[in-house]
Amino acid sequence: METKAYLMIKVDRENGNGHTAELVKELEAMSEVEAVIPVSGKYDLMAVATVDTPKKVAGVADQIQAKDWVKGLHILKVEAAVPNPFLDEVLATPGGETLRHCHQCGMCSASCPNVGQMDYSPRRIIALVRAGRRFEVLSSNTMWTCASCYLCTARCPQNVKITDIMHALERLSVRRSLQYGRNTATMYKIFIDTIKSNGVICEVGMMSKFYFSTILTGKMNPLIVFRMLPVAAKLLSHRRMPIRAAKMKEQKQLNAILKKAQALGGTQ
Amino acid sequence: MREYGYFPGCSAHKGTGIAFGVSTRAVAETLGMNLIELEDWNCCGSTPYTSTNELEAICIAARNLALAEKTGLDLVTPCSDCYIILKQANTELKAYPDLKKKVDACLAAGNMEYQGKIQVRHLFEVIYSDIGLEFIKSKVVNPLKGLKVAAYYGCQMIRPECSYDDIHNPKSLDRFMAALGAEPVSFPMKDRCCGGSMIIPELDLALGLVYKLLESAASNGAQCITTVCPLCQTNLDAYQGLVNRKFRTRFSIPALFFTQLMGIAFGIDPGALALDRSIVPADRLLSGFIKVPAA
């Protein structure tokens, strides 16, 4: 039975040990250790370990205790590991594995320029992923409101690749068809269709298709046309929006590559 | 002559950012750069593809990387979005061998292969790090003296990582503008988001972001904003009218590519710098700096 153990560790500060971050890395290098979280109080670190049988918990504890910088160790709790397929899916995407290191400090949410428009802040979305709340996460607008500015990623003290995780959540949302009604998702689809037919993007065609389809389905206020027309007119008159769509030559080659990618599916 | 593989990207090639592509070509000769455009490149895939299907997205980016590898040169792009997409695909192909295997199989279906030998670089990075400010200074014939510029870095050129500048407080573009003789103003919003392509599906959200940038530049006395990305320029320039209407402001701040300002400082014919593509006109502001060479 898969088992989760919470190990409280007291660090020996007197032996001239390295910085806490280095100790955290050393623990995280152990294959059984899933996450290490600095704590305050009687102990300094909490390691969360996953093993396949309860018997192996003692082995992990011994391994940790054998380190010369460990002054004390206490097994706080041992419990049956609850399967969390949603978390596993996110962890399996490139960059997704960094989610383990999140401390829930909230730097990401404080940095996000669009946090005010999100159903859940970036910090909360990570907490919800960890809690395995697939539906709430994938049907929310949070990742569709991310502008990919990477401010959260640049500032995260734990090097969590939050922007990459947002992109992963968008993909998982599309895979489960939970993205419907999100205008950003509609634009993405039109964008990709353009690549599949032309190889390159023609902005005027893409934008008109986008407004046409969102207005027709009632997802966009038709009055947007009056706001966007002057913008489009100026771009056209300044020769920044060629009407004739550009096309690549070897579209067949690109589509052969994409077809193979579809056949292979996923990244893992 | 320094040689580079060149990936203009859809916008700077013939789209809304065409002035970037045109002015890049115009300054390349003075800079001693030979930009060899990849033959029959495709769209980098941008955020829309990355956010929809990982494997397909990396495959279409990898096709461009494979084309670049054939030239044997590092790949340079002026677009910050293309830059991050191609660079990230390149990094992930190295970091995740299983992913690389799949991508190899897909490329093989199109009779292509990518071994991972090249680097992806931003045009500004190449000019700033390879060519260097001393060389730039030596080529300036019309110093942009007294021109107050807000140097706008945007997001994806400096984040999530940047080898030549501080990602939390970038200064390279300010130094570059100073090298042209211009006066970079303090611009606290210099690395904040313009909304990028989000301006299409989430207009009002993005206009709020553009407003903050314009407000920050204007209140710090900038006469123009200089950008390193075609999306940033389009949002700041083409949507400035909508910002003015939404927020009841009267901004009239030209957004110019750093290559355009560089071209003027180098004494290049302004007609070759595509200044007429700017919607917020820059002619009056720049007329004092343009010296018509004596016939």
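Criteria and cut-off values
- Residues numbered from 1 in each chain as written.
- Chains lettered and ligands numbered in written order.
- Predicted model: local features only at pLDDT ≥ 70, side-chain atom pairs only at ≥ 80, totals over all residues.
- Heavy atoms only, no water.
- Helix = DSSP H or I, 4+ residues; strand = E, 2+ residues; numbered from the N terminus.
- Buried < 20%, exposed > 50% of the residue type's maximum accessible area, 1.4 Å probe, protein only.
- Contact = heavy atoms within 4.5 Å.
- Pairing = 2+ DSSP bridges.
- pLDDT = per-residue confidence, 0-100.
- Patch = residues over 30% accessible without salt bridge, like charges linked within 9 Å, V, L, I, M, F, W, Y side chains within 5 Å.
- Areas by Shrake-Rupley, 256 points an atom, 1.4 Å probe, with all protein chains shown as cover.
- Salt bridge = Lys/Arg side-chain N within 4 Å of Asp/Glu carboxyl O.
- Domains from an automatic or database assignment.
- Buried area = accessible area lost by both parts, 1.4 Å probe.
- Polar contact = N/O pair within 3.5 Å; in protein donor to acceptor, adjacent residues only side chain to side chain.
- 1 Å grid on protein atoms, 1.4 Å probe; cavity = no way out; pocket = protein on both sides within 12 Å on 5 of 7 lines; lining within 4 Å.
- Points joined across faces, edges and corners; volume = space filled by probe spheres on them.
- Nonpolar A, V, L, I, M, F, W, Y, C, P; charged D, E, K, R; others polar.
- Axes fitted to C-alpha atoms, helices over the stretch in contact; angles between N-to-C directions.

### Topic: the environment of B:Val126
Residues and elements named next belong to chain B.
Then, in step 1: Within the secondary structure, Val126 is located in helix α7 (residues 123-131).
Then, in step 2: Given the relative accessible area of 0%, Val126 is considered buried.
Then, in step 3: Once the C-alpha coordinates of Val126 and Thr77 are considered, the two residues, 49 residues apart in sequence, prove to be 9.6 Å apart.
Then, in step 4: Sequence-distant contacts of Val126, that is, excluding residues within four places in its chain, are made with Tyr4, Met33, Val76, Arg121 and Ile131.

### A few points about the pairing of strand β7 (residues 224-227) of chain B
Residues and elements named next belong to chain B.
Then, in step 1: Of the two faces of β7, the one lined by Cys224 and Thr226 and the one lined by Ile225 and Thr227 are each fully buried.
Then, in step 2: Strand direction decides the pairing type here: strand β5 (residues 148-151) and β7, joined by 3 bridges, are parallel. The partner of Ala151 across the bridge, within β7, is Thr226.
Then, in step 3: In this sheet, strand β8 (residues 255-257) lies alongside β7 in parallel orientation, the contact comprising 3 bridges. The residue bridging Thr227 from the neighbouring strand is Phe257, located in β8.

### Some points on the confidence of the model for chain A
Then, in step 1: In the predicted model, chain A carries a mean pLDDT of 92, and 97% of its residues have values of at least 70.
Then, in step 2: Between the elements of chain A, mean pLDDT differs from a low of 86, seen in helix α1 (residues 20-28) of chain A, to a high of 98, seen in helix α4 (residues 107-111) of chain A.

### Notes on a nonpolar patch on the surface
Then, in step 1: A surface patch of nonpolar side chains, about 400 Å² in accessible area, is lined by A:Leu223, A:Val225, A:Phe226 and A:Leu229.
Then, in step 2: Following the sequence through the fold, A:Leu223 ends up in the loop between α10 (203-216) and α11 (224-237).

### Things to note about the pattern of salt bridges
Then, in step 1: Tallied over the entire structure, the rule returns 23 salt bridges over all chains.
Then, in step 2: Across the pair B:Asp276 and A:Arg239 runs a salt bridge whose closest N-O atoms are separated by 2.9 Å. Highlighted residues: B:Asp276 in the loop between α13 (258-265) and α14 (283-287) and A:Arg239 in the loop between α11 and α12 (251-264), drawn from two different chains.
Then, in step 3: Where B:Asp130 meets B:Arg121, a salt bridge forms, and the shortest distance between an N and an O atom there is 2.8 Å.
Then, in step 4: Assessed through its relative accessible area of 23%, B:Asp130 is described here as partly exposed.
Then, in step 5: What makes B:Arg121 buried here is its relative accessible area of 10%.

### Description of the domain arrangement of chain B
Residue and element names in this part refer to chain B.
Then, in step 1: Taken domain by domain, chain B consists of domain 1 (2-123) and domain 2 (132-289).
Then, in step 2: Taking only C-alpha atoms into account, the centre of domain 1 sits 24 Å from that of domain 2.
Then, in step 3: Taken together, the contacts link 23 residues of domain 1 with 25 residues of domain 2.
Then, in step 4: Taken together, the two surfaces of domain 1 and domain 2 that pack against each other cover about 2100 Å², and 72% of this comes from carbon and sulfur.
Then, in step 5: The tally of links from domain 1 across to domain 2 stands at 0 salt bridges.
Then, in step 6: Between the two partners, domain 1 and domain 2, sit 3 residue pairs in polar contact (both at pLDDT 80 or more).

### Re unusual backbone geometry
Residues and elements named next belong to chain B.
Then, in step 1: That bond from Arg159 to Pro160 is cis: its omega, 0 degrees, falls within 30 degrees of zero.
Then, in step 2: Residues other than glycine seldom take positive phi values, yet Asn111 does so here, at roughly 55 degrees.
Then, in step 3: With respect to the secondary-structure elements, Asn111 resides in the loop between α6 (97-109) and β4 (120-122).

### Observations regarding empty space enclosed by the protein
Leftover empty space is mapped by rolling, across the atoms, a probe with the size of a water molecule.
Then, in step 1: Taken as a whole, this structure holds 5 cavities of 30 Å³ or more when the rule is applied.
Then, in step 2: Around the largest cavity, the lining is made up of 27 residues, and of these A:Phe191, A:Glu203, B:Ser11, B:Ser197 and B:Leu231 lie nearest the centre.
Then, in step 3: If you list the elements that add at least two residues to the lining of the largest cavity, you get α10 of chain A together with α1 (9-14), α3 (46-50), α5 (80-95) and α11 (230-238) of chain B.
Then, in step 4: In terms of residue count, α11(B) provides more of the lining of the largest cavity than any other element does, 4 residues in total.
Then, in step 5: A class-by-class count of the residues in the lining of the largest cavity yields 17 nonpolar, 8 polar and 2 charged.
Then, in step 6: Of the domains in this structure, domain 1 (2-123) and domain 2 (132-289) of chain B are the two that each give at least three residues to the lining of the largest cavity.
Then, in step 7: Roughly 270 Å³ of internal volume is contained in the second largest cavity.
Then, in step 8: The wall of the second largest cavity is formed by 25 residues, among which A:Ala147, B:Gln156, B:Gly195, B:Gly196 and B:Ser197 lie closest to the centre.

### Comments concerning the sheet that holds strand β1 (residues 3-11) of chain A
Residue and element names in this part refer to chain A.
Then, in step 1: Strand order across the open sheet formed by 4 strands is β2-β3-β1-β4, with antiparallel pairing between neighbours. Looking at the sheet topology across the chains shown, the edges are occupied by β2 (33-38) and β4 (70-80). Sheet twist, expressed as the mean angle between neighbouring strand axes with direction ignored, is 20 degrees.
Then, in step 2: The pairing of β1 with β4 spans 9 bridges and is antiparallel.

### Re the interface of chain B and chain A
Then, in step 1: Contact residues are listed per partner, giving 70 residues for chain B and 67 residues for chain A.
Then, in step 2: Of the roughly 6000 Å² buried between chain B and chain A on both sides combined, carbon and sulfur atoms contribute 64%.
Then, in step 3: Joining chain B to chain A, the criterion identifies 5 salt bridges.
Then, in step 4: A salt bridge links B:Glu56 to A:Lys196, with the nearest nitrogen and oxygen atoms 3.7 Å apart.
Then, in step 5: Counting the contacts that link chain B with chain A gives 27 residue pairs in polar contact (both at pLDDT 80 or more).
Then, in step 6: Broken down by secondary-structure element, the contributors of at least two residues to the side of chain B that touches chain A are α1, α3, α4 (54-71), α5, α6, α10 (203-219), α11 and α12 (240-247) of chain B.

### Observations concerning the sheet that holds strand β1 (residues 2-6) of chain B
Residues and elements named next belong to chain B.
Then, in step 1: Taking strand neighbours across the sheet as the criterion, the 4 strands line up as β2-β1-β3-β4 in an open arrangement whose pairing is parallel. Edge positions in the sheet fall to β2 (33-37) and β4, since each of these pairs with one other strand and no more. Within the sheet, the average angular offset between the axes of one strand and its neighbour, ignoring direction, is 45 degrees.
Then, in step 2: Note that β1 and strand β3 (residues 75-77) share 2 bridges and pair parallel. Looking across to β3, one finds that Tyr6 is bridged to Val76.
Then, in step 3: With respect to the sheet, α5 is in contact with β3 and β4, its orientation differing from that of β4 by roughly 160 degrees.
Then, in step 4: In the packing of α7 onto the sheet, the strands contacted are β1, β2, β3 and β4, and the crossing angle to β4 comes to about 85 degrees.

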